[in-house]
Amino acid sequence: RPLGVIDDDYQADIRRLALFAQDQWRTSPRLQTYLGLRWEGLETAVGSRITGTLHNRSSVLSPIAQWVFTPSLSSKDQFRLGLARTFSAPQPWQLLPRRYSVNNSNGPTNPDQQGNPALRPEIAWGLDASYEHYIGRDGLVSLGAYARRIDDVLLRSLYVQDGLWITTPCNAGRARTHGLTLDARFALADLLPTEANVQFTANLTRNWSRVASVPGPDNRLADQTPLSGNVGLHWQ
């Protein structure tokens, strides 16, 4: 289709400020405690000569806590538990209302793209737990789990305007995510009597998500990778 010429100027003024305090100490010989408090603020002024400037301001006060427990002073095992509130600001390109047009069959699978100056940041509560077992000098095998409750989750909205398909980011209510992660790194010499300098690394992650505003089934976050993994051998 012929591309139209849009005579407009765009501007974005984004200001972020974060303040935090944290401390850690041994609550007992087998328990370490980490506590913190973080304040983060975001102020945006985004617009164009035609649409005008939209001002948006948001902030969040985020507590952070983590505990590390060792069953005994000589144990090679430890357990971690963490609770935190997180603040994820939108990227500048997601805010700018400039239209990026396509010229190869605009449609629902190939729409124009446009930013949204009214975007708010994602704010989430998160809980993390893991079991860690140390092998040899610096080898480690760990199994972790996490859960997140996200407010104002960022999704992409698809609509038709003046006969053209357009996609734009938007805040879409609440979403929940959770997952499991298995990590391993150790030397072959930690398992077998050998002088070969061979290092082994591996990772396997499984993720799930649900978006409340999208009817199920399969109402997961499109940007989330359901399953990922890697295996590596390093020989010197």
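Residues numbered from 1 in each chain as written. Predicted model: local features only at pLDDT ≥ 70, side-chain atom pairs only at ≥ 80, totals over all residues. Heavy atoms only, no water.

**Q** It is not clear to me how the overall build of the protein should be interpreted in this structure. Could you clarify?
**A** Within the protein, the secondary structure is distributed over one helix and 13 strands. Starting at the N terminus and ending at the C terminus, the protein contains elements arranged as β-β-β-β-α-β-β-β-β-β-β-β-β-β. Expected size for 236 residues packed as a compact globule is a radius of gyration near 18 Å; at 24 Å, the protein overshoots this value by more than 25%. In terms of overall dimensions, the protein has a C-alpha envelope of 70 × 40 × 40 Å along the principal axes. Of all 236 residues assigned to the protein, the portion counted as buried reaches 31%. (Helix = DSSP H or I, 4+ residues; strand = E, 2+ residues; numbered from the N terminus. Rg over C-alpha atoms; globule rule 2.2 N^0.38 Å. Buried < 20%, exposed > 50% of the residue type's maximum accessible area, 1.4 Å probe, protein only.)

**Q** Looking at this structure, I do not really get the environment of Lys76. What am I missing?
**A** Tracing the chain through its elements places Lys76 in the loop between strand S3 (52-69) and strand S4 (77-88). For Lys76, a relative accessible area of 48% translates into the label partly exposed. Sequence spacing of Lys76 and Leu158 is 82 residues, and the spatial spacing of their C-alpha atoms is 52 Å. In this structure Lys76 touches Glu132, His133 and Tyr134, once residues within four positions along its chain are discounted. (Contact = heavy atoms within 4.5 Å.)

**Q** Would you mind going over unusual backbone geometry with me for this structure?
**A** One non-glycine residue, Asp152, adopts positive backbone phi at about 60 degrees. Along the chain, Asp152 turns up in the loop between strand S8 (139-151) and strand S9 (154-161). In this model, Asp218 sits at a positive phi of 60 degrees, which is unusual for a non-glycine residue. With respect to the helices and strands, the residue Asp218 is situated in the loop between strand S12 (198-211) and strand S13 (227-235). Classification of Asp218 by relative accessible area gives exposed; the value is 68%.

**Q** What's the story with the sheet that holds S13 in this structure? I'm lost.
**A** Two pairing modes exist for strands in a sheet, parallel and antiparallel, and in both the strands are linked by backbone hydrogen bonds. Strand order in the open sheet made by the nine strands is S1-S2-S3-S4-S7-S8-S11-S12-S13, with antiparallel pairing throughout. Lying at the two open borders of the sheet, with one neighbouring strand each, are strand S1 (10-28) and S13. Taken over all neighbouring pairs, the strand axes of this sheet differ in orientation by 10 degrees on average, direction set aside. Here strand S2 (residues 31-48) pairs with S3 via 18 bridges, running antiparallel. Within S3, the residue paired with Thr44 across the bridge is Asn56. (Pairing = 2+ DSSP bridges. Axes fitted to C-alpha atoms, helices over the stretch in contact; angles between N-to-C directions.)

**Q** Would you mind going over the pairing of S3 with me for this structure?
**A** In summary, the side chains of a regular strand alternate between the two faces of the sheet. Counted along the chain from S2 to the antiparallel partner S3, the turn is three residues long. By the bridge criterion, six bridges tie S3 to S4 in an arrangement that is antiparallel. Looking at S4, one finds that Ala65 is bridged to Leu83.

**Q** Explain the sheet that holds strand S5 (residues 99-100) here, please?
**A** Overall, mixed pairing links the four strands, which are arranged S5-S6-S10-S9 in an open sheet. Every interior strand has two partners, whereas the edge strands, S5 and S9, have only one. For S9 and strand S10 (residues 164-171), the ladder comprises eight bridges, and the chain directions are antiparallel. Paired with Leu154 across the two strands is Asn171, which belongs to S10.

**Q** In this structure, what is going on with the environment of Trp165? I would like to understand it.
**A** By the element assignment, Trp165 lies in strand S10. Overall, Trp165 belongs to the partly exposed group, its relative accessible area being 28%. Once the C-alpha coordinates of Trp165 and Asn106 are considered, the two residues, 59 residues apart in sequence, prove to be 6.5 Å apart. For Trp165, the residues in contact, after removing those within four places along its chain, are Asn106, Gly107, Pro108, Pro111, Asp112, Leu158, Tyr159 and Val160.

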